[in-house]
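Overview (structure and organization)
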Amino acid sequence: MITKQFKTALPGPKAKILLDRDAQVIAPVSARVYPFVMKKGRGAEVWDVDGNRFIDFVAGIAVAATGHSHPQVVEAIKATADKFLHISGDFYHEAQVELGERLSRLAPFSEPAMSFLTNSGTEAIEGALKMARAVTGRPRFIGFYGGFHGRSMGSLAFTASKNAQQRGVFPTMPGVTHVPYPNTYRPLFAGEDQGLAVLDYMENVVFQSNVPPDEVAAILVEPIQGEGGYLVPPPSFLPGLRELCDRHGILLIVDEIQSGIGRTGKMFAVEHFGVQPDVVCVAKGLGSGMPIGSVTARKSLMEKWPYNAHGSTYGGNPICCAAALATLDLVESTYMENARQMGDYLSENLRALQEKHPVIGDVRGKGLMIGLELVEDRISKKPAKTFASKMTQQAYQNGLLLLPCGQSTVRLAPPLMIDPAIAEEGLVILDQSFSDVAAMMGI
Ligand code: PLP
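Residues numbered from 1 in each chain as written. Predicted model: local features only at pLDDT ≥ 70, side-chain atom pairs only at ≥ 80, totals over all residues. Heavy atoms only, no water.

Regarding the overall build of the protein
Selection rule: Secondary structure elements are taken from DSSP: a helix is a run of H or I of four residues or more, a strand is a run of E of two residues or more, and numbering for both begins at the N terminus. For the radius of gyration, the atom set is restricted to C-alpha positions; the globular benchmark scales as 2.2 Å times the number of residues to the power 0.38. For every residue, the accessible area obtained with a 1.4 Å probe (protein chains only) is divided by the maximum for its type, and the residue is called buried under 20%, exposed over 50%, and partly exposed between those limits. Contact between two residues is taken to exist if any of their heavy atoms lie within 4.5 Å; hydrogens are not considered. Per-residue accessibility takes into account occlusion by the displayed protein chains alone, with areas from the Shrake-Rupley method and a 1.4 Å probe. The charge count treats Lys and Arg as positive and Asp and Glu as negative. His and the chain ends do not count. Throughout, a charge is located at the NZ atom of Lys, the CZ atom of Arg, the CG atom of Asp or the CD atom of Glu.
Broken down by element type, the protein carries eleven helices and 15 strands. For the protein, the C-alpha radius of gyration of 22 Å lies close to 22 Å, the compact-globule estimate for 443 residues. Going through the 443 residues of the protein one by one, you find that 56% of them count as buried. In the protein, of all internal contacts separated by at least 6 residues, the share reaching a separation of at least 24 is 74%. Summing over all exposed atoms, the protein offers an accessible surface of approximately 19,200 Å²; the carbon and sulfur share of this is 54%. In the protein, 41 side chains carry a positive charge and 45 a negative one; their mean positions are 5 Å apart.

Looking at the pairing of strand E7 (residues 216–221)
Counted only if it meets this: A pair of strands is labelled paired if DSSP reports no fewer than 2 bridges between them. A crossover counts as right-handed when, viewed with the strands pointing away from the observer, the path leading from the first strand over the helix to the second turns clockwise.
With six of six residues buried, E7 lies mostly within the body of the structure. Summarising the sheet, strand E5 (residues 140–144) and E7 pair through three bridges and their orientation is parallel. Bridged to Ile142 within E7 is Ile219. Pairing geometry for E7 and strand E8 (residues 251–255), over four bridges, is parallel. Of the residues in E8, the one forming a bridge with Leu220 is Ile253. Between E7 and its parallel partner E8, the chain crosses via helix H7 (residues 237–248), and the hand of that crossover is right-handed.

Topic: the sheet that holds strand E9 (residues 279–282)
Quick note on the threshold: Simply put, an axis is a line fit to the C-alpha atoms, just over the touching stretch for a helix, and the angle between two N-to-C directions goes from 0 to 180 degrees.
Pairing within the open sheet is mixed, and its seven strands lie in the order E4-E10-E9-E8-E7-E5-E6. The sheet is open, and its two edges are formed by strand E4 (113–118) and strand E6 (176–179), each paired on a single side. On average, each strand axis in the sheet is tilted by 20° relative to the strand beside it, whichever way the strands run. Sitting on the sheet, helix H4 (residues 94–106) is in contact with E4 and strand E10 (293–298), with an inclination near 130° to E4. Relative to E7, H7 is tilted by about 170°, and along the sheet it contacts E5, E7, E8 and E10.

Below is the structure:
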């Protein structure tokens, strides 16, 4: 039984007024899936402008890592704001140095690291791409179908989760060749191991046919694919990709913008696979909601990036750095382990829900990065697209924020501080929403 803490029907009267005003002045280009108008948030709970309360299983797309308005993060922001708001990338300040030191200690490779700080995920990717071309002197890149890396012209050249992202804006940055991402639920290649099959395809088809490997600067990969459907690759894939890169002198750039900063129960998802990349890009969870990202690379590479070849006015903003340092304190001390434990708890319960709701074809993920792929039936595995879009709407009507990804996957990416009581409440709403949509669709 769900107990909704609602004061109005959804969207409520105050929300409706804001939605109307928004429609007049905010570009309608961004996808908004349902009309949640936020007033405040605490931890994994959020309230809309009409006082209706929701459980948050998306955390602003994996951003509110420490929960909404964590007091330690808010305090760090306020204390920094009292001193100065901005100084620009042309100067120095302590929080930027401290964050660089912290990222060097945390970086998922044994060599010391250096970081270039940005304001967003897409800027982190742009920085990594420019650095890779500059230090290798090579022009080409490899990306993956289903990947999402941002929406600016360089990162967009790799983004291949939905063609709406690229429609009407071609040409993006030239030089990117896409290959399939291993999908164990929907195998594309013959053979048991989809990871090895993709590597074989890269080596023996792509590199032999039209992409000379000695012209490839870097391979850009999400260690767990996010927008593409929360796909976890088989264990063979990332170690094999590392070997392939080493064989051909190609840099391995991991995009941990969604999967990083403790979300999967380790600081970086790539650590689950025992692989050391050359470059890691982060953003989202790093600032708990303040706009900050980083290109963190092996020092030996960063030192070769020519002086003045890149820069940013706002990157490394003092308030954002302070928020990131407070976030990392919390994630390292407590929330990364909580993500592991609560991830196990949620996944176990979601597998139980899978028994009950035949539409749930696959439950997958690591830590608090969990996807439920919905299918019309488990034999054909036809994506249940209508069901998936109705699910996010119905969960909202029942008091739970969810977002879709892939063709028909419901993603769960709650704040890393979520506790069993709130998680349980979310699960009950999820269960009810599956039943409601099935009834609505006459299934
Ligand atoms: N890379 C990944 C894996 C992402 O999930 C995203 C955003 O969803 C990005 C890059 C782009 O980040 P931003 O929206 O901050 O530019």
